[in-house]
Amino acid sequence: WSMYFAYNGAVYLNLVFVQALHRLMLIISALALACNVALNLALIPTHGAAGAAAATAASAGFGYLFWTFHPETRSFMAVCWRESLRPLASLALASLVIFLTGAAGGWGAIAGIAVYSIALVASGGPAFRV
C-alpha cells in the first residue's frame, strides 16, 4: 500500500515544486516523519517487520491526507483520487475473487492478474484510454 502513495507522490510532488510550495512540503514531510517514528516506536517492539511495514503505510497515508485536504493542493489531489478509483476498484474486485474462490499461490496470482486486467479494461482504466 505504501507504493500507492509513492507512485501518486511522483505525480503530485512535481506539481508542488511547480507551484513553489516548498515550505508546505517541508511541513507535511515533517508531520509524516513524526507519525512514522511514533508508529515505528509503538509497533516494531510488538509486531516486528509487520509493524514497521504498517507504520510506513500509515504514515504515507497520513501525509497523503494532509495533501488532500490542504487548500493549496486540494484541486490537483482530487485528480489523483479520481484517477485512482478505477484501478483501486479493480484491485478490490480481484482481491474479492481470490478470497471467495480460495485461490492460492500461482493460481491466485493468475486469477488476480486476470480479474484486475479485465476489470480495468472494462472500466476504461487510465492505461487503456484513447
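Refer to the structure above for everything that follows.
Scope of this entry: the structure provided in the associated data block. Bear in mind the structure is a predicted one, so any value in this text is a computation, not a measurement.

Cut-offs applied
One numbering rule holds for all chains: residues counted from 1, following each sequence as written. Selection of residues for local features in this predicted model requires a pLDDT of at least 70, selection of side-chain atom pairs for listing and counting requires 80 or more, and totals for whole chains, interfaces and linings are taken over all residues. No hydrogens and no water enter the side-chain calculation; it runs on all heavy atoms of the structure. Every definition here rests on a 1 Å grid over the protein atoms only: cavities are sets of points where a 1.4 Å probe fits but cannot get out, pockets are open sets enclosed by protein on both sides within 12 Å along at least five of seven lines, and lining residues have some atom within 4 Å of a point. Grid points are joined across faces, edges and corners, and a volume is the space filled by probe spheres set on the points. In this text, helices come from DSSP runs of H or I with a minimum length of four residues, and strands from runs of E with a minimum of two, each type numbered from the N-terminal end. Think of a nonpolar core as a cluster: buried Ala, Val, Leu, Ile, Met, Phe, Trp, Tyr and Cys residues, connected wherever their side-chain atoms sit within 4.5 Å. Residue burial is assigned from relative accessible area. The probe radius is 1.4 Å, only protein chains are included, and a residue is buried under 20% of its type maximum, exposed over 50%, and partly exposed in between. It only takes one pair of heavy atoms within 4.5 Å for two residues to be counted as in contact.

Over the atoms, a rolled probe matching the size of one water molecule traces out where space is still vacant. In this model, the largest pocket occupies a volume close to 240 Å³. Along the wall of the largest pocket there are 13 residues; nearest its centre are Tyr4, Tyr7, Asn8, Ser84 and Pro87. Elements represented by at least two residues in the lining of the largest pocket include exactly helix 1 (2–18) and helix 3 (74–101). With seven residues, the top contributor of residues to the lining of the largest pocket is helix 3. Taken as a whole, the second largest pocket encloses approximately 180 Å³ of empty space. Mapped by element, the contributors of at least two residues to the lining of the second largest pocket are helix 1 and helix 2 (22–69). Take the lining of the second largest pocket: its biggest share by element is seven residues, from helix 2.

Here the focus is the nonpolar core. Counting residues in each nonpolar core, the largest one holds 13 residues, and the members touching the most others are Tyr12, Val16, Tyr64, Trp67 and Met77. Of all elements in the fold, only helix 1, helix 2 and helix 3 reach the threshold of two or more residues within this core. Per element, the largest residue contribution to this core is five residues, and it comes from helix 2. Setting aside residues no more than four positions away along its own chain, Trp67 makes contact with Tyr12, Leu13, Val16, Leu24, Met25, Ile28, Thr73, Arg74 and Met77.

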